[in-house]
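# Fold and contact review
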Amino acid sequence: MAYLERQLDEFNPDLQHQFRHTLHNHPLMQFDELTKLALRNPQVRFHSAKLERTHRFDKVREEHITGLTLQETLDNIEVSGSFVYIKEIQKDPIYAPLVQEIYKEIQKDTSKFHKSISRVQAWIFITSPGGVTPYHRDFETNHYFHIKGKKTLFLWDPKDKDVVSQEENEYFHGVHSLAKTLYTEEKFKKASRYDLGPSMGVFFPYTAPHMVENGTDEFSISLSITYTTAEDIQVRRIHKINQLLRKIGIKPTDIEKQIKLVYRLKLGAHWVLRTIVFFALSDWMGS
Ligand SMILES: [Fe+2]
């Protein structure tokens, strides 16, 4: 049986959407197995989840420690007020085959749009009741599978300039910083809300801003499969260059125009290359 059931006529990497999945029933997605994974995985992090929407996401790990050990945090997850995340579970020998199987299903849709995809990673998130993940963005595209408990996800369109300005994007990509990625009540009005339970999932377009509020009745578990496409890398490069231009006082032009121009230049370069190869081969065959 397939893990991923997309309720869409057609996948579009620019559009957020909800999907269904069956991973909540998988033995490796149960809390006891994930506890074992967390305790053997060097890529595990944890901190307080007693946070506000407005807290700086990138400062949480250092500014909101609980003083508990990982074992204490997990043993008391119902009351420890904590957030635990396990990075890069695709490197774990027990979890690697499962991540590959899920990614193969994702690839059926993404391969129509992207020539190459890199940095495929899988993450586990375990959150105490009432925990909050503040407003932030990540440098990836994300398939978010909710496994256990209830949570409310708020997700924004990363191309909405009222939410993400070009200048914020330049700082985010160019300086690799969330310092200008800030929550406001004005932005909140433009969020899409997803009330998630087990078997529900959401697709996040590349770098889409998001924020999560856990239900108060029970702790939750979610899985993310993230990746970066060749197109994402190109967008990132343009923002980086723009950030440098702005730094020296040059105001960059609209990013969408720049992306179209790069695409046309690439098509042009491809056509020139094909023409050169064609004439070289004609010449060689005629000689
Ligand atoms: Fe995130």
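To start, this report covers the structure provided alongside it. The structure presented is a predicted model; accordingly, all values stated were derived computationally and were not measured.

### Things to note about the overall build of the chain
The number of helices and strands found in the chain is 8 helices and 12 strands. Taken over the C-alpha atoms alone, the chain extends approximately 80 × 50 × 35 Å along its principal axes. Burial statistics for the chain: of 287 residues in total, 48% are counted as buried. For the chain, long-range pairs separated by at least 24 residues make up 84% of all intrachain contacts whose partners lie at least 6 apart in sequence. Total accessible area on the chain is roughly 15300 Å²; 56% of this is exposed by carbon and sulfur atoms.

### Regarding the coordination of the iron ion
Surrounding the iron ion are the protein donor atoms His136 (NE2), Asp138 (OD) and His210 (NE2), which sit 2.1 Å from the metal. Of the residues examined, histidine 136 reaches a relative accessible area of 3% and is grouped as buried. Classification of aspartate 138 as partly exposed rests on a relative accessible area of 24%.

### Brief notes about the nonpolar core
Ranked by size, the top nonpolar core spans 35 residues in total, and within it Leu23, Ile89, Ile102, Ile126, Phe145 and Leu223 carry the most contacts. Every element with two or more residues in this core is listed here: helix H1 (31–40), helix H3 (70–75), strand S4 (82–86), helix H4 (96–110), strand S5 (117–127), strand S7 (141–148) and strand S12 (220–229). A per-element tally of this core places H4 first, with 5 residues. Once residues within four sequence positions are removed from consideration, isoleucine 89 is found in contact with Leu37, Tyr95, Ala96, Val99, Ala122, Trp123, Ile124 and Leu223. Counting residues in each nonpolar core, the second largest holds 15 residues, with Ala49, Phe125, Met200 and Val212 among its members.

### Observations regarding the sheet that holds strand S1 (residues 4–6)
One open sheet holds the 8 strands; their spatial order is S1-S2-S10-S7-S12-S5-S4-S3, and the pairing between them is antiparallel. Of all the strands in the sheet, just S1 and strand S3 (44–48) have a single pairing partner and so form its edges. On average, each strand axis in the sheet is tilted by 25° relative to the strand beside it, whichever way the strands run. Pairing of S7 with strand S10 (residues 200–204), which is carried by 4 bridges, proceeds in the antiparallel orientation. Looking at the pairing, histidine 143 lines up with phenylalanine 203 of S10. Here H4 sits on the sheet and contacts S1, S5, S7 and S12; the angle it forms with S12, its principal contact strand, is near 55°.

Cut-offs applied
- Residues numbered from 1 in each chain as written.
- Predicted model: local features only at pLDDT ≥ 70, side-chain atom pairs only at ≥ 80, totals over all residues.
- Heavy atoms only, no water.
- Helix = DSSP H or I, 4+ residues; strand = E, 2+ residues; numbered from the N terminus.
- Buried < 20%, exposed > 50% of the residue type's maximum accessible area, 1.4 Å probe, protein only.
- Contact = heavy atoms within 4.5 Å.
- Areas by Shrake-Rupley, 256 points an atom, 1.4 Å probe, with all protein chains shown as cover.
- Donors = N, O, S within 2.8 Å, 3.2 Å for Na, K, Ca; no water.
- Core = buried A, V, L, I, M, F, W, Y, C linked by side-chain atoms within 4.5 Å.
- Pairing = 2+ DSSP bridges.
- Axes fitted to C-alpha atoms, helices over the stretch in contact; angles between N-to-C directions.

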